[in-house]
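Close look at the chain arrangement
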Amino acid sequence: MQQIVVALGDRSYPVFIGSDTFKELAVAIKKEFHGARFALVTNTTIQELYRSQIEQLQHSLDALVYAIPDGEKYKTIDTWSGILDTLLENRLERSSVIIAFGGGVVGDITGFAAASFLRGVKYIQIPTTLLAMVDSSVGGKTAVNHRRGKNLIGAFHQPGLVWVDTAYLSTLPEREFIAGYAELYKYAFIGGKEMFDFVMEHHDDMIAKKPGILQEGIRRSIAVKARIVSDDERERGNRALLNFGHTFAHALENYYNYEKILHGEAVLWGIACACDLGVRIGTVPEDSRKAYEALLKKPGMPELPDTPDCEHLYDAMFSDKKVSGGKIRFIVPTSPGKSIIKSDIDRNAIIATLTRIFKTQPAND
């Protein structure tokens, strides 16, 4: 297996990356967390898909298993509270380890439960979706949603180990895969020229799920994120770059009440908005615009349920975590592979971008 270390001093942890590695998993967990009690949190869909593996982990680790409902709409305080109730009822201790086995929702809500339970216990991320593999399983952001916005209640709490096995992608529905790819695609805009060129050259192979190329794309994405998180764990500076496209995306998810659009689908639209805004306000130099146009044509745009209201989207952005001093912070591109953080963007420019992207560029049939 390949290994990347998220370097955070005494809270550093390894990210293992491979394929068909389940036989090694329990051994690695017991070696890293010798003598601990374990609880495994998954969702009802993953529990059915991987019942045999979950039962084997349950037996090997003598683990408690708890399944939450599947879906972003269940990423709530009530679901989080249900996890905590279960941990308390089964008398887990501060030395216990919580395992998140699933996609981004499972990872986020389990991580927040681990951060909260007995003022913080260790946890493990076993991501089963592409989105979770390249993004949410690494970096220690844990949260639940609030009716006013996405991920507004949570904590920074780093995992003790992340186990990325690309074999889990074989059961991922195509729509979920493309949505997850949006987070990998995002790294082309913030990961440097080499990452930009890699995504430009290998987009089709990654979409076709060619194992070696896809795993390399995942590895490169995690390496970019690990480097950024190691430099800025609490998002006081450049870690905000990881939110490229997300200010727009979170507003779009809020508009559709987190039910009619997947997070990654919203991110693809958000990336298109961020690039348009960068061109509009002049952060993208003239000689880089053709390169961006070529990359933006690669994934295509997911269909939207209906045309969103631009004023509503703009207003929703003020509930985002990235608002500072009453101003919305945007991540906008500069030269290929690089982006910057800006918070002094005129409202008219933002509305113009929203209007162009959502009124004149309808989603694909």
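For the structure itself, look to the data block above.
Overview of the structure.

The rules behind each value
Along each chain, residue indices are assigned from 1 in the same order as the chain's sequence is written. Local features in a predicted model are, by the rule used here, given only for residues with pLDDT of at least 70; side-chain atom pairs are given and counted only at 80 or more, and totals for whole chains, interfaces and linings are based on all residues. Side-chain metrics rest on all non-hydrogen atoms present in the structure, leaving aside hydrogens and water. Secondary structure follows DSSP: runs of H or I at least 4 residues long count as helices, runs of E at least 2 residues long count as strands, and numbering of each begins at the N terminus. The size measure is the radius of gyration over C-alpha atoms, and the globule rule it meets is 2.2 Å times the number of residues to the 0.38 power. Relative accessibility decides the category of a residue: with a 1.4 Å probe and only protein chains considered, values under 20% of the type maximum give buried, values over 50% give exposed, and everything between is partly exposed. Only heavy atoms enter the contact rule, under which two residues are in contact if any of them lie within 4.5 Å. Counted charges follow a simple rule, with Lys and Arg positive, Asp and Glu negative, and His plus the chain ends left uncounted. Every charge is mapped onto a representative atom, which is NZ of Lys, CZ of Arg, CG of Asp or CD of Glu. Note: two strands are recorded as paired if DSSP finds a minimum of 2 bridges between them. For helices, the fitted line uses only the C-alpha atoms of the stretch in contact; every axis is such a line through C-alpha atoms, and the angle between N-to-C directions lies from 0 to 180 degrees. Oblique is the label for any angle not covered by the other classes, which are roughly parallel (under 35 degrees), roughly antiparallel (over 145) and roughly perpendicular (65 to 115). Each helix crossing is assigned a hand: it is left-handed if the near helix lies turned anticlockwise from the far helix by less than a right angle, otherwise right-handed if that turn is clockwise. Any residue outside Ala, Val, Leu, Ile, Met, Phe, Trp, Tyr, Cys, Pro, Asp, Glu, Lys and Arg is labelled polar, Gly included; the first ten of those are nonpolar and the last four are charged. Put simply, buried Ala, Val, Leu, Ile, Met, Phe, Trp, Tyr and Cys residues joined by side-chain atoms within 4.5 Å make one nonpolar core. Here the expected span of a helix is defined as 1.5 Å times the quantity of residues minus one. Pairs of cysteine sulfur atoms within 2.5 Å are identified as disulfides in what follows. Each pair of aromatic rings taken from Phe, Tyr and Trp, with Trp reduced to its six-membered ring, is defined by centres within 6.5 Å and is described as stacked if the planes are under 30 degrees apart, edge-to-face if over 60, and tilted in the remaining cases.

1. So, the overall build of the chain
In terms of regular secondary structure, the chain is built from 14 helices and 13 strands. Its C-alpha atoms give the chain a radius of gyration of 20 Å, near enough to 21 Å, the size a compact globule of 365 residues would have. In terms of overall dimensions, the chain has a C-alpha envelope of 60 × 40 × 40 Å along the principal axes. The proportion of buried residues among the 365 residues of the chain is 56%. Within the chain, counting contacts between residues at least 6 apart in sequence, those at least 24 apart form 78% of the total. Charge centroids of the chain, computed over 43 positive and 45 negative side chains, lie 4 Å from each other.

2. Regarding the sheet that holds strand 2 (residues 13-18)
Sheet architecture is open: seven strands sit in the order 1-2-9-6-5-3-4, paired in mixed fashion. On the outer flanks of this sheet lie strand 1 (2-6) and strand 4 (64-68), each paired with one strand and no other. Strand-to-strand twist in this sheet, taken as the mean axis angle between neighbours without regard to direction, amounts to 15°. Here strand 1 pairs with strand 2 via five bridges, running antiparallel. Paired with Gln 3 across the bridge in strand 2 is Phe 16. Relative to the sheet, helix 1 (residues 22-32) contacts strand 3 (38-43), strand 5 (97-102), strand 6 (122-127) and strand 9 (161-165), its axis offset from that of strand 9 by approximately 175°. Against the sheet, helix 4 (residues 77-89) touches strand 3, strand 4 and strand 5, its axis set at about 165° to strand 4.

3. Here we look at the packing of helix 7 (residues 174-186) against helix 11 (residues 263-281)
Viewed as axis vectors pointing N to C, helix 7 and helix 11 meet at an angle of 40°, and their least axial separation amounts to 7 Å. Taken together, the axes of helix 7 and helix 11 lie oblique to each other. Crossing of helix 7 over helix 11 shows left-handed handedness. Across from Arg 175, Ile 178, Ala 179, Ala 182, Glu 183, Tyr 185 and Lys 186 in helix 7, the residues of helix 11 making contact are His 263, Gly 264, Glu 265, Val 267, Leu 268 and Ile 271. Classifying every residue of the contact of helix 7 with helix 11 gives seven nonpolar, two polar and four charged.

4. Notes on the nonpolar core
Counting 100 residues, the largest nonpolar core has Val 15, Phe 189, Val 199, Ile 218 and Leu 354 as its most contacted members. No other element matches the ten residues that helix 11 contributes to this core. Once residues lying within four places of it in the same chain are set aside, the contact partners of Leu 354 are Phe 248, Cys 273, Cys 310, Leu 313, Tyr 314, Met 317 and Lys 359. Ala 100, Val 106, Ala 114 and Phe 117 belong to the second largest nonpolar core, which has 19 residues in total.

5. Some details on helix 8 (residues 193-207)
A turn of α-helix holds 3.6 residues, and therefore any two residues three or four places apart point the same way. The end-to-end C-alpha distance of helix 8 is 21 Å, a good match for the 21 Å that 15 residues give at a rise of 1.5 Å each. What helix 8 keeps buried is the set Met 195, Phe 196, Phe 198, Val 199, His 202, His 203 and Met 206.

6. Points about unusual backbone geometry
Even without glycine at this site, Asp 62 takes up a positive phi of about 50°. Here Asp 62 is to be found in the loop between helix 3 (51-61) and strand 4. Overall, Asp 62 belongs to the exposed group, its relative accessible area being 67%. We note that Asn 257 has phi near 60°; this positive angle belongs to a residue other than glycine. Inspection of the secondary structure assignment puts Asn 257 in the loop between helix 10 (246-255) and helix 11. What makes Asn 257 partly exposed here is its relative accessible area of 47%.

7. Some thoughts on helix 11
Counted at 1.5 Å a residue, the expected span for helix 11 with its 19 residues is 27 Å, and the 26 Å between its end C-alpha atoms agrees. The buried count for helix 11 comes to 16 of 19 residues, which makes it a mostly enclosed element.

8. Quick notes on the state of the cysteines
Following the criterion strictly, the structure yields zero disulfides and no others. No disulfide involves Cys 273; its sulfur sits 8.6 Å from that of Cys 310, the nearest cysteine. Sulfur of Cys 275: no disulfide; nearest cysteine sulfur belongs to Cys 273 and is 9.5 Å away. Cys 275 sits in the buried class, given a relative accessible area of 4%.

9. Considerations on the packing of aromatic side chains
Throughout the structure, instances matching the rule amount to 14 aromatic pairs. Consider the rings of Tyr 50 and Phe 101, whose centres lie 6.3 Å apart with planes at 70°: the pair is edge-to-face. A residue pair is termed long-range when its members are at least 10 positions apart, and Tyr 50 in the loop between helix 2 (44-49) and helix 3 and Phe 101 in strand 5 qualify at 51 residues. For the pair formed by Tyr 50 and Phe 101, the shared burial category is buried. Centre to centre, the rings of Tyr 255 and Tyr 256 are 4.9 Å apart; their planes meet at 85°, and the pair counts as edge-to-face.

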